[in-house]
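Notes for the structure review
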Amino acid sequence: MSQAPPYVDRYDPGTFGIKDVDAGLRGLPPGEPERLGPLFAAMEPWTRYQYRPEAITTYLSGIERGAPRLAIMAGNEIAGAVCIRLNWLRGPYLQFIAVLPPFQKMGLGAAMLDWLAQEAKHNGEKNVWVCASDFNLGAIRFYERHGFVRTAVLDGLINADIAEVLMRKRL
Ligand SMILES: CC(C)(COP(=O)(O)OP(=O)(O)OC[C@H]1O[C@@H](n2cnc3c(N)ncnc32)[C@H](O)[C@@H]1OP(=O)(O)O)[C@@H](O)C(=O)NCCC(=O)NCCS
């Protein structure tokens, strides 16, 4: 009989070798949730939901066991943030990822997904999960290119008129 993997508190912080940039993850430094909240609130998909900047700041500031809030680094610069629920459904749930526009299309998102799958596998997990809003076709395509498959449609989860697409990558 297969056993449940042990509860995981943290994954090892990642270092990514992407082209010409030392990239990786670290804890969000003090002051960053306040700086990033308004920047993320001004980006799709959060504009569509009219998230208030303070709501994103509060979420990024949260300290929760097994749910790290991390900065995505490109060299010494903070390029974005990622929040992961490490013990979700036989694998972690990528709850939040945002790469700031000047840092997009450099491979940071892809490197982060690779790191997450690698760490999950290392911890004996069988899946990585993510949700994307149905209108966020760029994100859905991005996840599909990285091995995620549309698994369920969650109607009206956040907004009555919008569905969230639950996507699964089997490890
Ligand atoms: C979705 C998101 C996280 C992707 O992050 P990213 O760092 O830009 O991702 P990557 O650079 O790895 O890949 C993005 C695209 O750039 C392209 N790309 C990657 N490296 C590249 C390079 N060196 N030169 C040119 N293009 C490149 C890839 O082909 C990829 O295309 P695809 O999206 O069609 O797969 C980012 O666009 C983002 O934050 N979007 C807004 C918020 C959002 O939608 N979050 C997800 C909510 S579910």
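Refer to the structure printed above.
Counting restarts for each chain: residues are numbered from 1 in the order of the written sequence. Local features in a predicted model are, by the rule used here, given only for residues with pLDDT of at least 70; side-chain atom pairs are given and counted only at 80 or more, and totals for whole chains, interfaces and linings are based on all residues. In computing side-chain values, all of the structure's heavy atoms are included and hydrogens and water are not.

All right, on to the sheet that holds strand E5 (residues 93-99) then. With respect to topology, eight strands assemble into an open sheet ordered E1-E2-E3-E4-E5-E6-E8-E7, the strand pairing being mixed. The sheet is open, and its two edges are formed by strand E1 (15-18) and strand E7 (149-155), each paired on a single side. For this sheet, the mean inter-axis angle between neighbouring strands, taken without regard to orientation, is 25°. Relative to the sheet, helix H2 (residues 53-61) contacts strand E3 (69-74), strand E4 (77-85) and E5, its axis offset from that of E5 by approximately 125°. Here a residue-residue contact requires only that any non-hydrogen atoms of the pair lie within 4.5 Å. Between N-to-C directions, angles cover 0 to 180 degrees, with each direction set by a line fitted to C-alpha atoms, over the stretch in contact for helices. Secondary structure follows DSSP: runs of H or I at least 4 residues long count as helices, runs of E at least 2 residues long count as strands, and numbering of each begins at the N terminus. On the sheet, helix H4 (residues 137-145) packs against E5, strand E6 (127-133), E7 and strand E8 (163-170) and is oriented at approximately 160° with respect to E6. Any two strands with at least two DSSP bridges between them are considered paired.

To count toward a patch, a residue needs a relative accessible area over 30% and no salt bridge; like charges are then connected within 9 Å, while nonpolar side chains (Val, Leu, Ile, Met, Phe, Trp, Tyr) are connected within 5 Å. Each accessible area is a Shrake-Rupley result for a 1.4 Å probe, and residues are judged covered by the shown protein chains and nothing else. We count a salt bridge whenever a side-chain nitrogen from Lys or Arg sits within 4 Å of a carboxyl oxygen from Asp or Glu. Residues Tyr51, Leu157 and Ile158 make up a contiguous nonpolar surface patch of about 280 Å² in total accessible area. For Ile158, the location among the structural elements is in the loop between E7 and E8. Relative accessible area decides the class of each residue, using a 1.4 Å probe on protein chains only: under 20% of the type maximum gives buried, over 50% gives exposed, and in between gives partly exposed. Exposure remark for Ile158: the relative accessible area of 44% places this residue in the partly exposed category.

The disulfide criterion is simple: two cysteine sulfur atoms within 2.5 Å. Applying the stated criterion to the full structure yields zero disulfides. You can see Cys83 has no disulfide; the closest cysteine sulfur is in Cys131, sitting 15 Å from it.

So, on to H2. Along H2, the residues classified as buried are Ile56, Thr57 and Leu60. Projected onto a plane normal to the axis of H2, the buried residues spread over an arc of 100° and lie on a single side. What the arc covers is the set of directions going from the helix axis to the C-beta atoms.

Turning our attention to the packing of aromatic side chains. Only Phe, Tyr and Trp rings are paired, with Trp represented by its six-membered ring, and only when their centres lie within 6.5 Å; those with planes under 30 degrees apart are stacked, over 60 edge-to-face, the remainder tilted. Going through the model one piece at a time under the given rule, you end up with 11 aromatic pairs. Taking the centre distance of 6.3 Å and the plane angle of 40° together, the rings of Phe40 and Trp46 count as tilted. Grouping residues by exposure puts Phe40 and Trp46 together as buried. By way of ring pairs, the aromatic residues Phe40, Trp46, Tyr59 and Phe96 are connected into one cluster. Between the NZ or CZ atom of Arg48 and the centre of the ring of Phe135, over which it lies, the distance is 3.9 Å. The rule is short: NZ of Lys or CZ of Arg within 6 Å of the ring centre and within 35 degrees of the ring normal puts a charge over the ring. Directly above the ring of Tyr59 sits Arg69, whose terminal nitrogen or CZ lies 4.7 Å from the centroid.

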